[in-house]
Every structure is written in structure tokens, then in C-alpha cells.
Amino acid sequence: MESRVDDGVVAAIEELVAASRGLVVVTTVRASGMPHSTVVNAGPVVHPVTGEPAVGLVAVGGSLKLRHLRQDPRGVVVFRDGPRWLAVEGVATLVGPDDPYPGVPAEDVPGLLRDVYRAAGGGEHPDWDEFDTVMARERRTAVYLGIGRTYGVYPR
């Protein structure tokens with residue numbers, strides 16, 4: 001499948017993740033319409049069904065992020081390294097134990113969470129079995145934010 005996302009955008013995200021260890025600000029929309037921002041780790045991934053580039057992050061089950069994204073899937077992730085920054089606006093897909101997604105079998109979720117962890121600056125975990133246990137216990141969900149509109153100050 002051919003991607004609609006400019007390869008330069010994905011490369012910029014990869015560079016900013018490497019420089020910042022994946023630490024980003026993610027903003028979701030509250031039921032009131034007000035924004036809700038928090039700091040998480042995120043990075044470039046491929047959507048498990050569409051094959052399109054996306055921004056991936058892992059959210060704890062029951063978190064405000066997940067509640068907001070279930071009500072309104074729009075979000076913004078801002079990557080930053082010093083004065084360079086890049087905002088990605090998009091629509092989120094949730095894949096997890098409390099958020100089954102068509103075309104993604106439940107047994108694939110641990111591998112997807114591992115992929116997001118790696119992409120978000122985590123690299124290789126020292127104990128993947130422990131990682132999987134914690135992710136399952138905390139009912140973690142993989143969040144895939146489609147790369148829609150992008151903007152920022154990112155000199156190339």
C-alpha cells in the first residue's frame with residue numbers, strides 16, 4: 001500500500017524521537033471541548049491494519065487520554081528538541097484489551113505494544129516477559145495517531 005504521508009515527516013519524527021528519547025506532549029479533547037495535555041513517550045509506527053505511518057504511544061487502561069480518545073479520537077502530538085519542534089494532528093485508533101480493533105487479533109496486542117515501546121525511544125526492554133505482564137495487568141492500549149496535518153519549526 002502506498003503511503004500518503006511525506007517520508008520527510010516520518011524522518012523528522014524519527015530525528016526528534018532520537019534527540020528527545022521520545023518524550024512528547026500529547027493533547028486530547030475533553031468532553032467539554034477543552035484540551036487536555038500530558039507528557040508521554042511516542043514515536044513513528046505503522047498502523048497495524050492500514051499500513052499507513054502513524055504516531056504510536058501506549059496508554060494505561062482507564063487513563064484520561066483513553067477516555068477522551070474514546071469520546072473524540074482527535075489528538076495532537078508535539079515532538080521537540082530545543083527550538084526544533086513538529087506537531088502532528090490526527091485521528092487515533094485504539095488497540096488494546098478494552099479497545100478491540102477489527103482486523104487485529106487479541107493475541108497480537110502484546111507485540112504491538114512492544115513495537116510502540118521500541119519506536120517511542122524505549123529500545124529493547126531487558127525483560128520482555130515482565131513487560132508483557134505489566135502491560136496486561138495495567139490494561140495498556142496502543143494508540144495510533146494518524147498523521148494528518150503537520151506543522152512546526154523544523155529546519156532541514
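Residues numbered from 1 in each chain as written. Predicted model: local features only at pLDDT ≥ 70, side-chain atom pairs only at ≥ 80, totals over all residues. Heavy atoms only, no water.

All right, on to the pattern of salt bridges then. Going through the model one piece at a time under the given rule, you end up with ten salt bridges. Here Arg 84 ties to Glu 15 by a salt bridge, and the two come within 3.8 Å at their closest N and O atoms. Of this pair, Arg 84 sits in strand 5 (residues 84–95) while Glu 15 sits in helix 1 (residues 7–20); the two residues are 69 residues apart in sequence, bridging distant segments of the chain. For Glu 15, a relative accessible area of 43% puts it in the partly exposed group. The closest approach of N and O atoms between Asp 115 and Arg 118, which form a salt bridge, is 3.2 Å. One end of the pair, Asp 115, and the other, Arg 118, are both in helix 3 (residues 109–122), three residues apart, so they sit about a helical turn from each other. (Salt bridge = Lys/Arg side-chain N within 4 Å of Asp/Glu carboxyl O. Helix = DSSP H or I, 4+ residues; strand = E, 2+ residues; numbered from the N terminus. Buried < 20%, exposed > 50% of the residue type's maximum accessible area, 1.4 Å probe, protein only.)

When you line up the elements, Gly 121 lands in helix 3. Distance in space between the C-alpha atoms of Gly 121 and Leu 69 is 23 Å, their sequence separation being 52 residues. Not counting the four nearest positions on each side in its chain, Gly 121 is found in contact with Val 17 and Arg 21. (Contact = heavy atoms within 4.5 Å.)

Considering soluble globular proteins, one finds that nonpolar side chains tend to be buried as a cluster. Residues Ile 13, Val 55, Leu 57, Val 77, Phe 79 and Val 143 are the most contacted members of the largest nonpolar core, which totals 26 residues. Elements supplying a minimum of two residues to this core: helix 1, strand 1 (23–29), strand 2 (35–46), strand 3 (53–59), helix 2 (64–71), strand 4 (74–81), strand 5 and strand 6 (141–146). Counting 15 residues, the second-largest nonpolar core is a separate cluster that includes Val 45, Val 58, Val 104 and Phe 131. (Core = buried A, V, L, I, M, F, W, Y, C linked by side-chain atoms within 4.5 Å.)

With that settled, the discussion passes to the packing of helix 3 against helix 4 (residues 128–137). Each pair of packed helices gets described by two things: the angle between the helix axes and the distance between those axes. For the pair helix 3 and helix 4, interaxial distance at closest approach is 10 Å and the crossing angle is 110°. The orientation of helix 3 relative to helix 4 falls into the category roughly perpendicular. Along its contact with helix 3, which presents Pro 110, Leu 113, Arg 114, Tyr 117 and Arg 118, the element helix 4 presents Trp 128, Asp 129, Phe 131, Asp 132 and Met 135. The residue makeup of the contact of helix 3 with helix 4, split by class, is six nonpolar, no polar and four charged. (Axes fitted to C-alpha atoms, helices over the stretch in contact; angles between N-to-C directions. Parallel < 35°, antiparallel > 145°, perpendicular 65-115°, else oblique. Nonpolar A, V, L, I, M, F, W, Y, C, P; charged D, E, K, R; others polar.)

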